Each structure stands twice: as C-alpha cells, then as structure tokens.
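# Secondary and tertiary structure notes
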Amino acid sequence: MKGIIFNVLEDMVVAQCGMSVWNDLLEKHAPKDRVYVSAKSYAESELFSIVQDVAQRLNMPIQNVVKAFGQFLFNGLASRHTDVVDKFDDFTSLVMGIHDVIHLEVNKLYHEPSLPHINGQLLPNNQIALRYSSPRRLCFCAEGLLFGAAQHFQQKIQISHDTCMHSGADHCMLIIELQND
C-alpha cells in the first residue's frame, strides 16, 4: 500500500480525533518510529489494522469506516494531484476514465501501485455499471471514492452494490445512478 494512502488516513484521523489518537494508532499497529512517505510502499496489514482499530473506537461497522475514508481519500488525492482531476469535466467522465486515465497517471507517479481492476460501462437511464476487482477487496473504499468524486463535481448519486466480493463473488458490481435536481 502506498504511503500516500497512509498520509491521507493520518489527515482524516487527526482532523476527526486528534494527533494523540493517530500517534496511539501508530504505536499499536506500525513499526517503531514509522513515518509514511507518499511514494514508498508499506504493508497493507498496517492500514487494515489501523482502520479496524478506528472502527472499534467509533463503534462503527468497518465497511462504514472504509467508505467514509474513501470519500475523504478522494479529496486528499484530488488536492495532491489537481492536474489529474482537472482532466475531467464532470463526474461521469472521471468514472469512465478511471482505468484509461487515472490508473495510467498513478502508474507514472508511483512504482508498482497494485491498483484494482475497474471498468465502467454507461447504461441507459443515467446509470454507470462499474466492475471492481481486487485481492484487497476494498470495494467499500471505492464506493467512498465515488461519493467523494460526486461531491467534488456536485453530482448527486446513489450506488447499489448487490454483487460483492465480500459475499463470495469474484468481483463487485457497483451500479451508479446519476440523479438530477
């Protein structure tokens, strides 16, 4: 897992709970004196342990915490990589450009980023089908990222997630409904 993900998680924890909570989480779940450098890779088990601890502290289901982190993550990544987000005029173009534009840029910026497989398909009735597959099974984070992107582009959305890797499927299918005011 790239350090930038840990950097944004730190931003979220500090903003919501304070620096002392972040330091406590690091002490419990990371090697001594750990500092996350955005371009370096770290064990994903550290991230999962920290997020699980946050969920326990907040007495929330872990998928809700992961989804909230995903939404926060979009803003954190967008603010650090405005040139990538600026390539898109709207939410739909961003979602449809995840594989061919965003992941291409991520591969240029970070060595071996271990990205999920994501493919979008435009459907009738203002819907997008997004197929997600990853050994990390972070589909709830992907949902949060989508909500963060929708918020960024001021697009109201609903997501149905009936096919899920957490229920035994080999991929997740997110159906995004674009809503008009």
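Conventions we followed
- Residues numbered from 1 in each chain as written.
- Predicted model: local features only at pLDDT ≥ 70, side-chain atom pairs only at ≥ 80, totals over all residues.
- Heavy atoms only, no water.
- Core = buried A, V, L, I, M, F, W, Y, C linked by side-chain atoms within 4.5 Å.
- Buried < 20%, exposed > 50% of the residue type's maximum accessible area, 1.4 Å probe, protein only.
- Domains from an automatic or database assignment.
- Contact = heavy atoms within 4.5 Å.
- Pairing = 2+ DSSP bridges.
- Helix = DSSP H or I, 4+ residues; strand = E, 2+ residues; numbered from the N terminus.
- UniProt positions renumbered as here; feature names shortened; annotations may be inferred.
- Expected span 1.5 Å × (residues − 1).
- Axes fitted to C-alpha atoms, helices over the stretch in contact; angles between N-to-C directions.
- Parallel < 35°, antiparallel > 145°, perpendicular 65-115°, else oblique.
- Nonpolar A, V, L, I, M, F, W, Y, C, P; charged D, E, K, R; others polar.

Under an unreviewed UniProt entry, the name given to the protein is Heme NO-binding domain-containing protein, and the organism recorded is Shewanella cutis.

Moving on, we get to the nonpolar core. Counting residues in each nonpolar core, the largest one holds 56 residues, and the members touching the most others are Phe 91, Leu 146 and Ile 176. When residues of this core are assigned to domains, at least three map to each of domain 1 (3-60) and domain 2 (89-179). Setting aside residues no more than four positions away along its own chain, Phe 91 makes contact with Ile 128, Leu 146, Ala 149, Ala 150, Phe 153, Gln 155, Ile 157, Ile 176 and Leu 178.

The next subject is the domain arrangement of the protein. Taken domain by domain, the protein holds domain 1 (3-60) and domain 2 (89-179). Each of domain 1 and domain 2 has a C-alpha centre, and these two points are 24 Å apart.

Turning to the pairing of strand 1 (residues 117-123), a few remarks are in order. One face of the sheet, then the other: side chains in a regular strand alternate in exactly this way. Looking at chain direction, strand 1 and strand 2 (residues 127-133) are connected through seven bridges and run antiparallel. Counterpart to Ile 118 in the pairing with strand 2 is Tyr 132. The loop that links strand 1 with its antiparallel partner strand 2 comprises three residues; one of these, Asn 125, has a positive phi angle of about 60 degrees.

Take the UniProt feature "domain: Heme NO-binding" (unreviewed entry) in the protein next. Residues given the UniProt feature "domain: Heme NO-binding" (unreviewed entry) here are residues 2-161. Secondary structure content for residues 2-161 is 60% helix and 12% strand, while the C-alpha to C-alpha distance between its ends is 26 Å.

For strand 2, the buried fraction is high: five of the seven residues fall into the buried class. Direction of pairing for strand 2 relative to strand 4 (residues 172-179): antiparallel, over a ladder of six bridges. Bridged to Ile 128 within strand 4 is Ile 176.

Bringing unusual backbone geometry into the picture now. Even without glycine at this site, Asn 125 takes up a positive phi of about 60 degrees. Mapped onto the elements of the fold, Asn 125 is located in the loop between strand 1 and strand 2. Residue classification places Asn 125 among the exposed residues on the basis of a relative accessible area of 70%.

Next up on the list: helix 8 (residues 139-152). Over its 14 residues, helix 8 extends 20 Å from the first C-alpha to the last, a length consistent with the 20 Å expected when each residue adds 1.5 Å. For helix 8, the buried fraction is high: ten of the 14 residues fall into the buried class. When helix 8 is considered as a whole, its buried residues turn out to be Cys 139, Phe 140, Cys 141, Ala 142, Glu 143, Gly 144, Leu 146, Gly 148, Ala 149 and Ala 150. In the core, the buried residues of helix 8 are packed alongside helix 4 (62-80), helix 6 (91-96), strand 2, strand 3 (156-163) and strand 4. Once helix 8 ends, the next one or two residues include Gln 154, with phi positive near 55 degrees.

At a closest axis distance of 7 Å, the pairing of helix 1 (residues 3-17) and helix 2 (residues 19-29) adopts a crossing angle of 135 degrees. On the basis of the axis angle, helix 1 is oblique to helix 2. Every residue of helix 2 that contacts helix 1 at Phe 6, Leu 9, Glu 10, Val 13, Val 14 and Cys 17 is listed here: Met 19, Val 21, Trp 22 and Leu 25. Partitioned by chemical class, the residues of the contact of helix 1 with helix 2 number nine nonpolar, no polar and one charged.

Moving on to the environment of Asn 119. One can find Asn 119 in strand 1. Counting along the chain gives 61 residues from Asn 119 to Asn 180, while the straight-line C-alpha distance between them is 24 Å. If sequence neighbours within four positions are ignored, Asn 119 has contacts with His 99, Ala 129, Leu 130 and Arg 131.

Before going further, it helps to examine the environment of Leu 47. Locating Leu 47 in the fold gives a position in helix 3 (residues 44-58). Judged by relative accessible area, which is 4%, Leu 47 ranks as buried. Sequence-distant contacts of Leu 47, defined by excluding residues within four places in its chain, comprise Met 1, Ile 5, Phe 6 and Leu 9.

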